[in-house]
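Listed here are the chains, written in short residue letters.
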Amino acid sequence: MEDIDAIAALQDPVRRRLYEYVAAQGREVGRNEAAEAAGVARTLAAHHLDKLTDAGLLESGSRRLTGRSGPGAGRPAKVYTRSRAERAVSLPARDYRTAAELLAEAAEEAGLDAGLCAAARRRGEALRGSAAPCGDLEEAMEMLAARGYEPHLEGAEVRMRNCPFHAVAERFPPLVCGMNLALLEGLLGTDGPVRARMDARPGECCVAVNQDSESNPD
């Protein structure tokens, strides 16, 4: 019931816009910034942000947004980030996570890493269908966003704030991260200018996406 109540909190359109904005930033967001992004008054934004926190969808804290300390630095402001907890609803009840963990455990014990990666690459290719390999980072971001990776451009590469396989990857990182890389290699293609590579960072997807420098526009 807690997951249902939490997801139901997003039914309000203002609350949903606020949640989506905070989640997309990948950093702490203050009330003023969130209110401006959602196009609502600060007091209304504060009310909905606190409701999202109560529902477990956001986490809140406080810090000085000026970056200064000491006298004249101002009072700490309330800030929000997306909650690290996962929410899922299935009616009737299903437990795919346990099944995924059991399969990952069996695959790891049996040394099936290569077979799993081969299957993941084929699945990625099937998802891409008859389309040509990904042509640039903008196209890659569209494809990754459609799969729930929450991509964002960081310098000359694409990083992803969300790992769709996070829960299982935490328990079996080499196995699942290798599978994830193979899946994205199949999805984006390996014969075009865009490349997926392993580059794990805390709190993000283990894969980064780059474009060959020779293919970058001048």
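Residues numbered from 1 in each chain as written. Predicted model: local features only at pLDDT ≥ 70, side-chain atom pairs only at ≥ 80, totals over all residues. Heavy atoms only, no water.

(A) View of the overall build of the protein. Scanning the protein from N- to C-terminus turns up nine helices and seven strands. The C-alpha extent of the protein, read off along each of the three principal axes, is 55 × 55 × 35 Å. Here the protein, with 218 residues, has 36% of them falling under the buried criterion. When contacts within the protein are restricted to residue pairs at least 6 apart in sequence, those whose partners lie at least 24 apart make up 57%. On the protein, the mean spot of the 28 positive side-chain charges and the mean spot of the 34 negative ones are 7 Å from each other. (Helix = DSSP H or I, 4+ residues; strand = E, 2+ residues; numbered from the N terminus. Buried < 20%, exposed > 50% of the residue type's maximum accessible area, 1.4 Å probe, protein only. Contact = heavy atoms within 4.5 Å. Lys, Arg positive; Asp, Glu negative; His and termini not counted. Charge placed at Lys NZ, Arg CZ, Asp CG, Glu CD.)

(B) Molecular detail of helix α7 (residues 137-146). Taken residue by residue, α7 has Leu137, Ala140, Met143 and Leu144 as its buried positions. Looking straight down α7, one finds that the buried residues subtend no more than 120 degrees of arc, so they occupy a single side. Exposed and oriented more than 90 degrees from the buried face of α7 are Glu138, Glu142 and Ala146. For α7, the N-terminal capping position is held by Asp136, with its side-chain oxygen 3.2 Å away from the main-chain nitrogen of Glu138. (Arc of directions from axis to C-beta. Polar contact = N/O pair within 3.5 Å; in protein donor to acceptor, adjacent residues only side chain to side chain.)

(C) Here's a closer look at the side chain of His152. Relative to the helices and strands, His152 resides in strand β4 (residues 151-154). A distance of 3.4 Å separates a polar atom in the side chain of His152 from a polar atom in the side chain of Glu154. The contact partners of His152, leaving out residues within four places of it in the chain, are Met141, Glu157, Val158, Arg159, Met160, Arg161 and Glu204.

(D) Main features of the pattern of salt bridges. Across all of its chains, the model carries 18 salt bridges by this definition. The partner of Lys78 in a salt bridge is Asp50, and the shortest N-O contact between them spans 3.1 Å. With Lys78 in strand β3 (residues 77-82) and Asp50 in helix α4 (residues 42-54), this pair connects stretches of sequence that are 28 residues apart. Among the residues examined, Lys78 registers a relative accessible area of 33% and is labelled partly exposed. (Salt bridge = Lys/Arg side-chain N within 4 Å of Asp/Glu carboxyl O.)

(E) Local environment of the sheet that holds β4. Strands sit in the order β4-β5-β7-β6 across an open sheet of four strands; the sheet is antiparallel. The outermost strands of the open sheet, each flanked by one partner alone, are β4 and β6 (194-198). Neighbouring strand axes in the sheet, compared pairwise and without regard to direction, differ in orientation by 30 degrees on average. Sheet strands touched by α7: β4, β5 (157-160), β6 and β7 (207-211). Its angle to β4, the strand with the most contacts, is close to 150 degrees. Docked against the sheet, helix α9 (residues 173-188) engages β5, β6 and β7, running at close to 180 degrees with respect to β6. (Pairing = 2+ DSSP bridges. Axes fitted to C-alpha atoms, helices over the stretch in contact; angles between N-to-C directions.)

(F) Region of the structure containing the nonpolar core. Membership of the largest hydrophobic core comes to 32 residues, with the highest contact counts inside it found for Met160, Leu184, Leu188, Val207 and Val209. When contributions to this core are tallied by element, the ones reaching two or more residues are α5 (96-109), α6 (113-128), α7, β5, α8 (166-171), α9, β6 and β7. Ranked by residues supplied to this core, first place goes to α9 with 10 residues. If near-sequence neighbours (up to four positions away) are discounted, Met160 is found in contact with Leu144, Tyr149, Glu150, Pro151, His152, Leu184, Glu204, Cys205, Val207, Ala208 and Val209. (Core = buried A, V, L, I, M, F, W, Y, C linked by side-chain atoms within 4.5 Å.)

(G) Focus on the packing of helix α2 (residues 13-25) against α4. In the contact formed by α2 and α4, the axes pass within 9 Å of each other and the chain directions differ by 75 degrees. Considered as vectors, α2 and α4 are oriented roughly perpendicular to each other. Where α2 approaches α4, its residues Val14, Arg15, Leu18, Tyr19 and Val22 are matched on the opposing element by Ala45, His47, His48, Leu49, Lys51 and Leu52. Grouping the constituent residues of the contact of α2 with α4 by class yields seven nonpolar, two polar and two charged. (Parallel < 35°, antiparallel > 145°, perpendicular 65-115°, else oblique. Nonpolar A, V, L, I, M, F, W, Y, C, P; charged D, E, K, R; others polar.)

(H) Representation of a negative patch on the surface within the structure. Taken together, the side chains of Glu105, Glu108, Glu109 and Asp113 define an acidic patch exposed on the protein surface. For Glu109, the location among the structural elements is in helix α5. (Patch = residues over 30% accessible without salt bridge, like charges linked within 9 Å, V, L, I, M, F, W, Y side chains within 5 Å. Areas by Shrake-Rupley, 256 points an atom, 1.4 Å probe, with all protein chains shown as cover.)

(I) The environment of Ala146, seen in detail. Structurally, Ala146 is set in helix α7. Classification of Ala146 by relative accessible area gives exposed; the value is 64%.

(J) Region of interest: the sheet that holds strand β2 (residues 58-63). As summarised here, the arrangement of the three strands in space is β1-β3-β2, forming an open sheet in which the pairing is antiparallel. Two strands in the sheet have a free side with no partner beyond their single neighbour: β1 (29-30) and β2. As paired elements, β2 and β3 share six bridges and run antiparallel to each other. From the neighbouring strand, Leu58 faces β3, where its bridge partner is Arg82. Packing against the sheet, α2 makes contact with β1, β2 and β3, and its axis sits at approximately 80 degrees to β3.

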